[in-house]
Every structure is written in C-alpha cells, then in structure tokens.
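Report on the structure
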Amino acid sequence: MTATLTRQAPQHAPDAAATLAASTPSWSRRAKNRAASAAVVAAVALTAVPLALVIWAAVERGSARLDLTLFTHSMRGVVGQGGGLLHALTGTLIITGATAIISIPLGLAAAIYLTEYAGGNKLAAITRRAVDIMVSIPSIVAGLAAYALFSLILGPGTRSGLAGAVALAMIMIPVVVRSSEEVLRLVPADLREAGLALGSPRWRVIRKIVLPTALPGLTAGAVLGVARVIGETAPLLLVAGFTDAMNYNLADGRMATLPVFIYTQWSSKGLDTAAYDQRAWAGALVLMAVVVVLQLAARALPPQIAKLRRNR
Amino acid sequence: MTATVPNPTAAGQPPAPTAPTEAASLAPLASLAPRAAERLNPAAPAPGLPKAPGSMSIRDVSCYYGSHLAVADVSLEIPGRAVTAFIGPSGCGKSTLLRAINRMHEVIPGARAEGTIALDGADLYSKGVDPVAVRSKVGMVFQKPNPFPAMSIKDNVLAGLIIRGAKPRAAAADELVERCLVRAHLWEEVKDRLKKSGDSLSGGQQQRLCIARAIAVQPDVVLMDEPCSALDPISTLAIEELMRDLARDYTVVVVTHNMAQANRISDITAFFSLARAGEPGRLVEAGLTADIFSAPKVTATRDYIDGRFG
C-alpha cells in the first residue's frame with residue numbers, strides 16, 4: 001500500500017502545482033479584501049482617537065498644576081490659586097482600600113462556593129443571577145442603597161467614607177465574583193482529585209491546592225475590580241460627600257475622593273476659574289495615572305507571583 | 001497520621017528512620033521478592049486463604065452515576081503485596097470500580113456505590129467510615145500526570161502532609177522526600193532541582209513524581225488508573241518496573257488498556273466487559289495472569305485477549 005502511494009505521488013505533483021498557479025486571487029477579490037482591511041483599521045483608529053484625545057487634554061491642561069503643592073496640600077482655606085488634592089488622594093486610597101477589604105473576601109467566598117461546592121444547585125443559580133444583576137446596577141443606585149442603609153442605622157443624612165466604601169463594594173463584589181469564578185474554573189479538576197486522593201478534606205484541598213494555583217489570576221481579578229471602582233463618582237458624591245480638609249476617619253464625617261474632587265473643582269468654581277479648572281484637570285491626570293498603574297500591575301503581577309512561588 | 005489508623009504493614013517494613021539505607025538495599029531485596037503469584041493458590045484467589053497485608057475483598061459492588069448502573073455485582077479478591085490488573089473494553093466500568101475502591105467514585109455529583117469493599121477485613125463502606133481516611137490508606141495515581149503546579153518538586157512529594165496542615169520538621173521532611181523519590185525511581189533525576197516546579201519534568205517523570213506523592217502518605221494500596229496511557233514507551237517501561245517494585249510493599253491495582261502490559265506486570269488479571277453500550281459493566285473472569293492469558297475459561301475473555309473485539 002505504501003509502495004502504491006509513493007508511485008502515485010509524483011503523478012499528482014504537477015497537477016497540484018498547476019492548480020496553485022491558477023489560483024491567484026481575482027482583481028475583485030483583492031479589492032474587496034483591501035477595502036475590508038481598511039474599514040477594520042479605520043474602526044480601530046476611531047475607537048482609539050477619543051482615548052488619545054482624553055489623555056492629551058488631561059496632560060495638556062493638568063500638567064500646569066502637577067507640582068509638589070498638589071500632592072502635599074489639601075484645599076483647606078484655599079480660594080483661588082494654590083491648594084492640592086492630598087485630602088482627595090488620601091480619601092480615595094482609604095475608601096478604595098476599605099472597599100477591597102470588604103469585597104475581596106466576600107467575592108472570593110462566593111466564587112469558591114459557586115465553583116467548588118454548589119454544583120448545579122438552585123442557590124448557585126440564584127447567586128449567579130444576582131451577580132449578573134448586580135453587575136448592571138447603575139452606580140448611583142448602589143450609592144442610594146448605601147445612603148439609605150446608613151441613614152436607617154445612624155440617622156438621616158449621615159455621610160462617611162465607610163458608607164462610600166459600602167456603596168463601592170456593591171459595585172466591586174460582582175466583579176470579583178465573576179473574575180474569581182472564571183479563574184477557579186481554570187484550575188484543572190484533576191488537581192482537585194489528586195488532592196482528595198491524598199486523603200485530605202475538600203476545604204483543605206481548596207486552601208492548599210486550588211487557591212495557590214489560581215492565586216495569580218485571583219490577584220489580577222481583584223486589582224481590576226479596584227481599578228473599576230476607583231474612578232466611581234456618583235455614589236461617593238452621594239454618601240461620602242465632599243470636604244476641603246483631610247479626614248483619615250472612615251467612620252466619621254465626609255471624606256473627599258479624587259473623582260468627587262474633580263467634579264467639585266469644576267462645578268463650583270471660585271472667582272479665579274482658571275485655578276479651579278487647572279486643579280480639576282490635574283486631578284483627572286492623577287486619577288488616570290492611578291488607574292493605568294493598577295491595570296499594568298494586574299497584568300504584570302501574575303508572572304511575578306508565579307515566579308516567586310517557583311523559587312520559594 | 002498513621003497513628004490513628006492501625007497499619008498492618010508496619011511490622012513488615014523497616015522503621016522510617018532507617019529508610020535511607022533502603023535505597024542501597026534495593027537490589028538484594030528484589031531477588032527476595034518473588035512474584036506474589038507464587039505465594040497464591042493457583043486457583044483463583046478465594047476468601048479464606050492466608051492473606052498478605054493490604055489484601056482487599058470486593059463483595060457485590062455496584063456503582064451508579066445517578067440512576068445509571070455503571071458496574072454491576074462485582075465480587076473479587078485482590079491479594080496484598082501483588083499487582084492486580086483490570087482489563088476490558090472502554091465503558092466496562094474498570095475505572096469506575098477502581099475509583100470506588102478508595103471512595104473517589106462518590107466525589108462525582110450523583111455517583112454512589114453499593115456493596116462492601118474491605119481492606120484487611122475492614123469494610124471501607126461501613127457507616128461512620130470517613131472517605132478521607134479511606135483515601136489516606138488507599139492512594140491513587142491518575143491517567144494524566146498531575147503534579148501541583150504551584151508547588152516545587154519537593155513540596156509535591158510532601159503535598160499529602162502540606163494539604164493536611166501537618167508541618168514535619170525540616171530533617172524529617174527531607175528524609176521523607178528522599179525516601180519516596182528513591183522509591184519512585186526518580187531521586188537521581190531530580191535531587192539537584194527539588195525546589196523547581198514539577199512542571200519542568202517530562203511526562204514520565206511527572207507521573208513518577210505523582211507516585212512518590214501517593215506513597216508519601218504511607219498507603220497500603222496504590223490504585224493506578226491507566227498510569228502509562230499518556231506516556232511514551234520508555235517512560236512506560238520505567239513505570240512498569242516501578243509498579244513491580246512497588247508491589248513488594250504495597251498492593252497495586254492498575255487499570256490498563258494495554259494487554260501486553262497487564263501480562264508483563266500483573267500477578268492477577270480481572271477481565272471486565274459489558275454486553276452492549278449502555279449496559280452495566282460486569283466482571284467476566286479473574287485469576288492468575290498466566291492462566292487468564294494462556295487458558296481463559298470464558299470465551300469472551302479469550303476473544304478480547306486475542307484481539308477479536310475491544
């Protein structure tokens with residue numbers, strides 16, 4: 001049989017070459033191909049142009065105030081020139097940190113339940129649906145919910161950084177659940193089986209095998225969740241409020257944040273409008289830089305962590 | 001961890017601290033370890049025989065996936081300190097039965113097993129027996145090598161202890177790692193890179209690492225589910241030699257599609273088959289491997305071995 005094949009092969013070869021030579025694409029097909037390529041490239045460019053414009057605008061107008069004072073001063077007692085966003089940057093870090101502390105354990109626990117324990121039961125279906133709905137809740141509604149919750153407990157009109165963190169957690173938790181669930185599903189089932197077959201309870205297999213294996217992806221998901229909420233404005237405007245001064249206390253009083261800082265600088269300008277505009281743009285630049293750093297970190301972290309674990 | 005479960009094999013083995021010398025004494029021991037078949041009644045193994053430690057007795061076992069009966073009414077004696085091979089066509093339930101032996105079958109949602117499977121007379125399925133404890137006495141090696149990627153080679157061997165939260169002293173851990181890797185015929189190849197990830201090993205090395213990991217928790221029985229089917233012939237040969245060697249200290253049960261392999265390595269062969277697709281798998285015939293391959297009593301066994309089906 002092999003012999004037959006090798007005898008026949010040379011006979012077929014010239015035919016194949018002739019077929020290929022005659023198969024040059026027609027003029028109209030090449031034209032269509034070029035047009036389609038051009039359209040796709042144009043679409044990509046159109047998508048990228050607004051991003052470039054926003055970055056350019058923020059850099060051009062914000063860099064004027066990108067000085068040391070911006071990072072060392074709050075707005076306390078400032079009218080007109082000067083002042084800074086230290087209070088807002090600090091508030092953003094505190095509130096976002098608190099949000100992460102609330103959201104990551106809850107979201108991860110829900111994801112572990114969904115992937116490791118629930119199987120296809122009803123509670124899992126309800127949880128997944130709830131997460132889907134939570135993802136699409138407008139952020140202002142999350143803010144209203146937190147506002148209502150804290151008003152009920154502490155009296156109407158209460159504003160605090162903690163309320164802001166709770167509102168942001170409502171936005172971040174579903175993000176963490178979804179990304180963690182996805183990552184946990186990537187951990188091969190045979191690793192779980194191997195762990196169980198070594199004679200260890202399921203929760204220990206999850207803790208010692210599944211979570212360490214998924215850790216890089218879980219970290220990336222959490223960082224992206226933080227990046228998602230760090231720029232939220234509406235709920236914070238509602239429940240964390242705004243102040244010109246430093247406030248390190250999550251539980252007590254209004255706390256400024258970067259997005260709300262940008263908004264208030266722009267919306268309630270004093271007499272020297274240029275100073276307020278410059279501060280707003282500088283705030284936008286700082287916020288964008290923070291988000292970009294977080295996004296890059298989410299990408300850069302996984303290999304680093306994996307390497308750390310290998311060398312341990 | 002062995003302290004909680006009586007270990008019938010302890011008397012026959014050198015105590016742990018002297019184990020590094022075990023490596024040096026491998027060769028002379030090999031000649032003292034006759035194939036377990038020579039110790040067995042030439043007739044099919046039956047209850048009442050003097051049993052080597054680690055012997056298992058499977059009685060009227062049926063395995064279900066939900067309402068689907070996958071394995072029906074299997075009764076089989078598995079001699080201790082010997083290699084028993086499960087052969088048969090795809091879907092005959094041999095892997096399912098193997099997983100039922102260490103209660104891994106029930107890990108699949110909806111799956112359950114009925115009947116009794118006894119290890120040295122103790123029923124693994126009686127009420128109040130913790131499946132987790134069963135799995136620490138009856139270890140398992142899977143078809144696809146599955147070292148834990150987030151762990152080093154050393155930690156993979158110690159995984160059974162690490163997962164359980166046990167913290168062995170550094171010296172004891174090093175000693176255990178060396179002993180298990182020597183036992184799994186892997187020590188020489190990895191001793192200089194114990195801190196590296198198990199991912200860096202070849203498939204055959206990974207599978208031997210998984211065997212080292214399985215024996216590090218000191219089981220009596222090692223179950224292997226087609227351990228060579230993802231490996232090249234050279235790696236397969238290494239695993240086969242290892243299986244023979246392991247049978248000196250452990251009861252080895254191996255599922256294989258490779259009949260030549262079953263013939264080469266096993267003392268006992270059990271042939272499973274099913275009437276047609278969708279029917280439950282049943283045990284057709286079991287006995288000494290030499291008998292099954294030379295003079296099977298059932299026509300179906302002969303047809304399968306001769307390659308007429310399956």
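See the structure printed just above.
Structural notes, computed from the coordinates. (Residues numbered from 1 in each chain as written. Chains lettered and ligands numbered in written order. Predicted model: local features only at pLDDT ≥ 70, side-chain atom pairs only at ≥ 80, totals over all residues. Heavy atoms only, no water.)

**Some points on helix α9 (residues 202-230) of chain A**
Between the first and last C-alpha of α9(A) there are merely 36 Å, a value that for 29 residues lags more than 12% behind the 42 Å anticipated at 1.5 Å per step. At L215(A), α9(A) shows its strongest bend, of approximately 60°, with the proline P216(A) following within four residues. (Helix = DSSP H or I, 4+ residues; strand = E, 2+ residues; numbered from the N terminus. Expected span 1.5 Å × (residues − 1). Bend = angle between axes of the 7 residues up to and from the residue.)

**Concerning the interface of chain B and chain A**
On the side of chain A, 21 residues touch chain B, which itself brings 30 residues to the contact. Contact between chain B and chain A buries roughly 2,100 Å² in total, counting both sides, with carbon and sulfur atoms accounting for 63%. Three residues, F148(B), A150(B) and I163(B), lead the burial of chain B against chain A; their summed loss comes to 27% of the area buried on that side. Remark: the boundary between chain B and chain A carries two salt bridges. For the interface between chain B and chain A, the tally reads six residue pairs in polar contact (both at pLDDT 80 or more). Where the side of chain B that touches chain A is concerned, the elements lending two or more residues are α4 (131-137), β6 (138-141), α6 (159-163) and α9 (203-215) of chain B. Looking at the side of chain B that touches chain A element by element, the count peaks at four residues for α6(B). Residue composition of the side of chain B that touches chain A, by class: 16 nonpolar, seven polar and seven charged. (Contact = heavy atoms within 4.5 Å. Buried area = accessible area lost by both parts, 1.4 Å probe. Salt bridge = Lys/Arg side-chain N within 4 Å of Asp/Glu carboxyl O. Polar contact = N/O pair within 3.5 Å; in protein donor to acceptor, adjacent residues only side chain to side chain. Nonpolar A, V, L, I, M, F, W, Y, C, P; charged D, E, K, R; others polar.)

**Focus on the environment of A64(A)**
Its location among the elements puts A64(A) in the loop between α2 (27-62) and α3 (68-72). It is 8.8 Å that separates the C-alpha atoms of A64(A) and R279(A), two residues lying 215 residues apart in sequence.

**So, the nonpolar core**
Counting 56 residues, the largest nonpolar core has M56(B), I58(B), F86(B), I101(B), I117(B) and F148(B) as the members making the most contacts within it. The dominant element in this core, judged by the number of residues it contributes, is α9(A), at seven residues. With near-sequence residues (within four places) excluded, F86(B) lies in contact with L76(B), I78(B), K94(B), L97(B), L98(B), I101(B), V253(B), V254(B), V255(B), T256(B), A270(B) and F272(B). (Core = buried A, V, L, I, M, F, W, Y, C linked by side-chain atoms within 4.5 Å. Buried < 20%, exposed > 50% of the residue type's maximum accessible area, 1.4 Å probe, protein only.)

**Quick notes on the packing of aromatic side chains**
This model, assessed by the stated rule, comprises two aromatic pairs over all chains. The interplanar angle of 35° and the centroid separation of 5.0 Å between the aromatic rings of F271(B) and Y304(B) together place this pair among those described as tilted. In this pair, F271(B) sits in strand β9 (residues 268-274) while Y304(B) sits in helix α13 (residues 299-305), placing the two residues 33 residues apart along the sequence. One residue, R279(A), lies across the ring of Y276(A), its end atom 4.6 Å from the ring centre. In this structure, R103(B) packs its charged tip against the face of Y125(B), placed 4.8 Å from the ring centre. (Phe/Tyr/Trp six-rings, centres within 6.5 Å; stacked < 30°, edge-to-face > 60°. Lys NZ or Arg CZ within 6 Å of the ring centre and 35° of its normal.)

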